[in-house]
Each structure stands twice: as structure tokens, then as C-alpha cells.
There are 2 protein chains.
Amino acid sequence: MTVSFSDLKPGVSASITKTVSERDVEVFGEISGDLNPLHFDEAFARKTIARHRCVHGGLVFSLVSAVFGTKLPGPGTIVLEIKTSFTGIVRIGDAVTAICTVREVQNKRRVMFDCICKVGEAVVLEGEALVLAPANP
Amino acid sequence: MTVSFSDLKPGVSASITKTVSERDVEVFGEISGDLNPLHFDEAFARKTIARHRCVHGGLVFSLVSAVFGTKLPGPGTIVLEIKTSFTGIVRIGDAVTAICTVREVQNKRRVMFDCICKVGEAVVLEGEALVLAPANP
């Protein structure tokens, strides 16, 4: 689904929810090379402030890109800039909801979004992203 | 390999190079849900400013996290904040090098890094990241 550019107004938002599986983490580690034991070794993770194995921040953020690229603005969207804080730990098995809300429509089809990811009511990622919306659906 | 915290000084850097494959893009799309045709449909991509299929920005950024989580500072590192511009398009088959350089060592084991990703000499990602270095190797 693509929202036409004229429909992009401050406050318009879309979301995606995904339950992160063991396989998701394994595969993300394999294709990125990020084999940080924090994500794979429970005994190691217990000795860190994470206290248990956790999901890669990059995998959590990828749900935000999925909203941009498939829902709002939709297919053809290009992410130009991101600024993100990882404010909470995501565990394997958590259902993560990524919510992207139009903050400002700029010129040349650039749109600034506020982005958050939540597990239940806990905000685990917070930030903003500047995207280039597609020319036309 | 983990660098001990005392070795983390401005200018210290590490890098990872990866050639992005068709499978990497397919799998990243599957686990993130980011099935934006920009990454999968050559005819669609040709009608956009990308001109050809391109690699997810999130996959390119994941190489930066791989440097943090496996080399510098190394296992146990937690990414706290990122600020990134995607300055160039990465194609399937490109060899991407992620380079992370210590900019500033802050208190409480926080370290600010400058991060870039390059394809050949072209900078395709530029930004900074604040990480929490592991307590001790």
C-alpha cells in the first residue's frame, strides 16, 4: 500500500508488529556478522547489564524501515537519515510494534517522521527519520 | 577480540568488509518485513532515483554494529544511540567496508564513535554512535 504524497500530513501514522524469533536473531547475526555473544550466549549476557540475551538493535530498527517501505509512505521510499536511541532491551519472543508518525512534510518529497518501537507499553526505541517519499504510487 | 577499556583512545579504529549477496537482501527483507520493491524488483527500482535495486540501509548499518559487537570495543558492547546519513546507494554484489573510529571516551564506559561505510572510495553511510563498552574483556 502506498499513501499518495498529498495524503502525508503531520499526525498520519502507520505501524507494524512482529514477534522476534530465535531464528530472526540467528539469521540477523549471520548476514550482518554481528555475532556479539550478548545476542547468542545466555551465560555471557547474564554478566552484562542486559542480564539476558537480547535482540540486535539493528533488527529492532529494521521494523521501522519496514513501515516506511511497505506502508507509510510505502513502496519506493528511501531512508535518508536516522537518529535513534535504544531505550530498552528487547528479548527473543517479544512482540515489537514499530510506529512511524509524520512530523513534517518538507520540500522535494522529504518527510520527517517520529519513530518509536514498543514492547507492550515499554518504549524500546525512540527517534526520528528523514525519508524521501516515492514520486507517485 | 575485545579491546580493554583503557585501550580505547580517540583515533583507535576497526573495520569489517562484507560483500552483500542476493541472499543477504532476501533474508533481511524476510526477517524485517521490509519488502520494499526498491530492494527486490528491478523494473520498479529503475523508475526511482535509485535506478536499480539496492541494499537495505539497515543491512548496511548492521555492519557498523558488527564492528562494535565483535571487534571494537568487542563482545558485550551495547549500542545506545545512532545518528546516520545514508549518503550513497549500495548494490547487491558491492563490497561494503564499515569503519568505526573512537572520537571520545566519556564517563561510565560510554564511548562516542565516528562511523562510515564505504564501497571502494565512495562513502555510502556516515554518522556517529554512542555505545556502552563492556566492563572488562
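Keep in mind the model is a prediction, meaning the values are calculated, not measured.

Thoughts on the interface of chain B and chain A
Of the residues lining the interface, 37 residues belong to chain B; the matching set on chain A comes to 37 residues. Between chain B and chain A, roughly 3000 Å² of surface is buried when both sides are summed, and carbon and sulfur atoms account for 64% of that area. Among the residues of chain B in contact with chain A, Ile31, Ile82 and Phe86 of chain B are the three that bury the most area, contributing 20% of the side total. In this assembly, chain B and chain A are joined by 2 salt bridges. Its salt-bridge partner being glutamate 30 of chain A, residue arginine 23 of chain B comes within 2.7 Å of it at the nearest N-O pair. Put simply, chain B and chain A have 12 residue pairs in polar contact (both at pLDDT 80 or more) between them. Within the residue set of the side of chain B that touches chain A, elements represented by two or more residues are helix 1 (22-32), helix 3 (57-70) and strand 2 (78-86) of chain B. In terms of residue count, strand 2 of chain B provides more of the side of chain B that touches chain A than any other element does, 9 residues in total.

A few points about the packing of helix 1 (residues 22-32) of chain A against helix 3 of chain B
Contact pair helix 1 of chain A / helix 3 of chain B: the axes reach a minimum separation of 9 Å and the direction vectors enclose 85°. When the interaxial angle is binned, helix 1 of chain A and helix 3 of chain B end up roughly perpendicular. Judged by residue contacts, Phe28, Ile31 and Ser32 of chain A of helix 1 of chain A engage Leu59, Ser62, Leu63 and Ala66 of chain B from helix 3 of chain B. Split into classes, the residues belonging to the contact of helix 1 of chain A with helix 3 of chain B amount to 5 nonpolar, 2 polar and no charged.

What to know about the UniProt feature "domain: MaoC-like" (unreviewed entry) in chain A
The positions UniProt marks with the feature "domain: MaoC-like" (unreviewed entry) are residues 12-111 of chain A. In this annotation, residues 12-111 of chain A is assigned 30% helix and 29% strand; the end-to-end C-alpha distance for the span is 11 Å.

Digging into the relation of the copies chain B and chain A
Screw-axis analysis of chain B against chain A gives a translation of 0.0 Å along the axis, an RMSD of 0.0 Å, and a rotation angle of 180°. Both chain copies can therefore be described as sitting about a two-fold axis. Among all residues of chain B, the minimum C-alpha distance to the rotation axis is found for lysine 83 of chain B, at 2.1 Å.

A short note on the pairing of strand 3 (residues 95-105) of chain A
Residue and element names in this part refer to chain A. Pairing between strand 1 (residues 13-19) and strand 3: 7 bridges, direction antiparallel. By the bridge assignment for strand 3, threonine 19 is matched with alanine 95. Across 9 bridges, strand 3 lies against strand 4 (residues 110-119) in antiparallel orientation. Bridging across to strand 4, valine 96 finds its partner in valine 119. Counting the residues in the hairpin turn of strand 3 and strand 4 gives 4 residues, including lysine 108, whose phi is positive at 50°.

Parameters at a glance
Along every chain, residues carry numbers that run from 1 in the direction the sequence is written. Numbering of ligands from 1 and lettering of chains from A proceed in the order in which they are written. Side-chain atom pairs in this predicted model are given and counted only at pLDDT of 80 or more, local residue features only at pLDDT of at least 70, and totals for whole chains, interfaces and linings cover all residues. Only hydrogens and water are set aside when side-chain values are computed; all heavy atoms of the structure are taken into account. Here a residue-residue contact requires only that any non-hydrogen atoms of the pair lie within 4.5 Å. Buried area: the accessible area, evaluated with a 1.4 Å probe, that two parts lose upon being put together, summed over both parts. Whenever Lys or Arg places a side-chain nitrogen within 4 Å of a carboxyl oxygen from Asp or Glu, that contact is recorded as a salt bridge. Whenever two N or O atoms come within 3.5 Å, that pair is a polar contact, provided that in protein one can donate a hydrogen and the other can accept it, and provided that, for residues adjacent in sequence, both atoms are side-chain atoms. Secondary structure elements follow DSSP: runs of H or I no shorter than four residues count as helices, runs of E no shorter than two count as strands, and numbering proceeds from the N terminus. To get an axis, fit a line to the C-alpha atoms, keeping to the stretch in contact for a helix; angles then go from 0 to 180 degrees between the N-to-C directions. For classification purposes, an angle smaller than 35 degrees is called roughly parallel, one larger than 145 roughly antiparallel, one from 65 to 115 roughly perpendicular, and anything else oblique. Polar here means any residue other than Ala, Val, Leu, Ile, Met, Phe, Trp, Tyr, Cys and Pro, which are nonpolar, and Asp, Glu, Lys and Arg, which are charged; Gly is therefore polar. UniProt positions are given in the numbering used here, feature names are shortened, and annotations may be inferred rather than shown by experiment. Our superposition of the copies is a least-squares fit, built on the C-alpha atoms of residues whose pLDDT is at least 70 in both. Here the rule is simple: two strands pair whenever DSSP picks up at least two bridges between them.

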